[in-house]
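Here's the letter readout for the chains.
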Amino acid sequence: YLGNVGPGETVTARTWISDPPRGARFDRNMEFADARGRVLLRAKTTWAMIERASGRPARVRAEIAQPFLTAVSG
């Protein structure tokens, strides 16, 4: 947490995966920036893919991760 957002202010959110998934697990990064581009919040969360039918962990397929891996600009 690096700053506040006031009423009526606009923020831009960005999300990306910094490293390729490992099995069912991957870390997701997020940033929220104000209209001037100043980062107000950074977060890193760990996610896992779960197969709906069995409820078991499922390997993250490359085509699911790829758009988030290539979207990183810095």
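Throughout what follows, the structure given in this document is the object of discussion.

### Some words on the packing of aromatic side chains
Within the structure shown, the criterion is met by one aromatic pair. The positively charged end of Arg14 is found above the aromatic ring belonging to Trp16, 3.9 Å away from the centroid.

### Overview of the side chain of Asp27
Its place among the elements puts Asp27 in strand E2 (residues 25-34). A relative accessible area of 15% means that Asp27 is categorised as buried. At 2.7 Å, the side chain of Asp27 forms a polar contact with the side chain of Thr46. Setting aside residues up to four positions removed in sequence, Asp27 forms contacts with Trp16, Ile17, Ser18, Arg22, Lys44, Thr45 and Thr46.

What counts and how
Residues numbered from 1 in each chain as written. Predicted model: local features only at pLDDT ≥ 70, side-chain atom pairs only at ≥ 80, totals over all residues. Heavy atoms only, no water. Phe/Tyr/Trp six-rings, centres within 6.5 Å; stacked < 30°, edge-to-face > 60°. Lys NZ or Arg CZ within 6 Å of the ring centre and 35° of its normal. Helix = DSSP H or I, 4+ residues; strand = E, 2+ residues; numbered from the N terminus. Buried < 20%, exposed > 50% of the residue type's maximum accessible area, 1.4 Å probe, protein only. Polar contact = N/O pair within 3.5 Å; in protein donor to acceptor, adjacent residues only side chain to side chain. Contact = heavy atoms within 4.5 Å.

These figures capture arrangement, not role.
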